[in-house]
Amino acid sequence: RPFRDDKVLADWNGLMIAALAAGARITGEGLYRAAADRAADFILEKMTGADGRLLHRFREGDASIAGNLDDYAFFTWGLLELYAAGFEEGRLGQALRLAAIMLEFFSGPGGLYCTPSDGEELIARSVEYHDGAYPSGNSIAYCALVRLARLTGDPAWESAARAILRGAAAGVRRNPTGYGMLLAGIHAAPSGSREVVLAGDPAGPVMVEMLDLVRRIYMPDCAIVVKRPGIAGQALSVAAPFTGAMKSPEEGAAAYVCAGGSCKQPVQTAGELGRLLSPKST
């Protein structure tokens, strides 16, 4: 039998988590989401240090090597895809925490360095934007930061994303085919994007209809947020303050469609929501 590479890597698992969560969201297959959740919990429990920072690899019970940019960017992206698959506030909170650490230790004048500021002393810290066998850390970080800006309403995340674009601009102009993931992120994050906040019990029949609707419509520029009643809704209001005043009705659910920092009057049926999301209404 040939030797097997049996180490667990945070960055590669982050990409796998993102793919499985997206698959669960699109197909409704619960096995995909369960596998993504297990992998995410493993990294959070076994590959996170006492200081809350990621470790790069795990093997035979030992986690070591300080996390690099790919670890933070890919795993943050995976957590955001998990949030989109199940709208659990905890996943959004985990993504926010890791993204903040990523910006604190990897930010440079023109994007994000591959290694942390307090890592091994190197002759020079490199910044890479182009994709290789898998997407670059900066391109995935850009996508994650833009999505965080849409989900939370905090422009600081988008400012950090724009810094990555400025750093990559010259390379993209010379060889756009080498920056596929970054260009895909730019395509999915145009100015004037929309946010849809669904307030109510996710298990309720009206909410189920609304969720089915928004998942069937291809809206790469639209961030979907679910605000549950009670404590969960209060937790979301902390992570995304713009949802604080959005209330769910005593029965059913309410949908708020927002664009450009303002929201339309809430609607309470999937049919009304579909009309608001129609291209003719924009």
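Residues numbered from 1 in each chain as written. Predicted model: local features only at pLDDT ≥ 70, side-chain atom pairs only at ≥ 80, totals over all residues. Heavy atoms only, no water.

Some thoughts on the sheet that holds strand β1 (residues 8-9)
Line of reasoning, step 1. One open sheet holds the 3 strands; their spatial order is β1-β2-β3, and the pairing between them is antiparallel. Two strands close off the open sheet at either side, each with one partner strand: β1 and β3 (62-66).
Line of reasoning, step 2. Of the strand pairs in this sheet, β1 and strand β2 (residues 55-59) are connected by 2 bridges, and their pairing is antiparallel. Opposite V8, over in β2, you have F58 as the bridge partner. (Pairing = 2+ DSSP bridges. Helix = DSSP H or I, 4+ residues; strand = E, 2+ residues; numbered from the N terminus.)

Thoughts on the packing of aromatic side chains
Both the distance between ring centres and the angle between the ring planes are used here to describe each pair of aromatic rings.
Line of reasoning, step 1. Evaluation of the coordinates by the stated rule reveals 5 aromatic pairs.
Line of reasoning, step 2. A centroid spacing of 6.3 Å and a plane angle of 75° characterise the contact between W12 and Y134, whose relative ring orientation is edge-to-face. One end of the pair, W12, is in helix α1 (residues 10-27); the other, Y134, is in the loop between β5 (111-112) and α5 (137-152), with 122 residues separating them in the sequence.
Line of reasoning, step 3. A relative accessible area of 33% places Y134 in the partly exposed class.
Line of reasoning, step 4. Ring geometry for F42 and F58: centres 5.0 Å apart, planes at 85°, overall edge-to-face. Pair noted here: F42 is in helix α2 (residues 30-46) and F58 is in strand β2, with a separation of 16 residues, a long-range link.
Line of reasoning, step 5. You can call F58 buried: its relative accessible area is 15%.
Line of reasoning, step 6. Aromatic ring contacts, followed pair by pair, group W12, F74 and Y134 into a single cluster.
Line of reasoning, step 7. Directly above the aromatic system of F105 lies the positively charged group of R53, at a separation of 3.7 Å from the ring centroid. (Phe/Tyr/Trp six-rings, centres within 6.5 Å; stacked < 30°, edge-to-face > 60°. Buried < 20%, exposed > 50% of the residue type's maximum accessible area, 1.4 Å probe, protein only. Lys NZ or Arg CZ within 6 Å of the ring centre and 35° of its normal.)

Overview of the state of the cysteines
Line of reasoning, step 1. Counting across every chain of the model gives 1 disulfide.
Line of reasoning, step 2. In this structure C114 is a free cysteine whose sulfur lies 17 Å from that of C143, the closest cysteine sulfur available.
Line of reasoning, step 3. C258 provides the cysteine sulfur closest to C222, a residue in no disulfide bond, and the two sulfurs are 9.3 Å apart. (Disulfide = S-S within 2.5 Å.)

So, the pattern of salt bridges
Any two side chains of opposite charge can pair if their charged atoms end up close together.
Line of reasoning, step 1. Tallied over the entire structure, the rule returns 15 salt bridges.
Line of reasoning, step 2. Of the charged contacts in the structure, one is a salt bridge between R57 and D62, with a shortest N-O distance of 3.3 Å.
Line of reasoning, step 3. Its relative accessible area of 36% is what places D62 among the partly exposed residues.
Line of reasoning, step 4. A salt bridge links R162 to E158; the nearest nitrogen and oxygen atoms lie 3.8 Å apart. (Salt bridge = Lys/Arg side-chain N within 4 Å of Asp/Glu carboxyl O.)

Comments concerning the nonpolar core
Considering soluble globular proteins, one finds that nonpolar side chains tend to be buried as a cluster.
Line of reasoning, step 1. Within the largest apolar cluster, 83 residues are counted, with the highest numbers of intra-cluster contacts made by F75, M102, L198 and L273.
Line of reasoning, step 2. Among the elements that line this core, the one with the most residues is helix α3 (residues 69-86), at 11 residues.
Line of reasoning, step 3. Among all residues touching L273, those that are not within four sequence positions of it are V196, L198, M210, L213, V214, A255, V257 and V267. (Core = buried A, V, L, I, M, F, W, Y, C linked by side-chain atoms within 4.5 Å. Contact = heavy atoms within 4.5 Å.)

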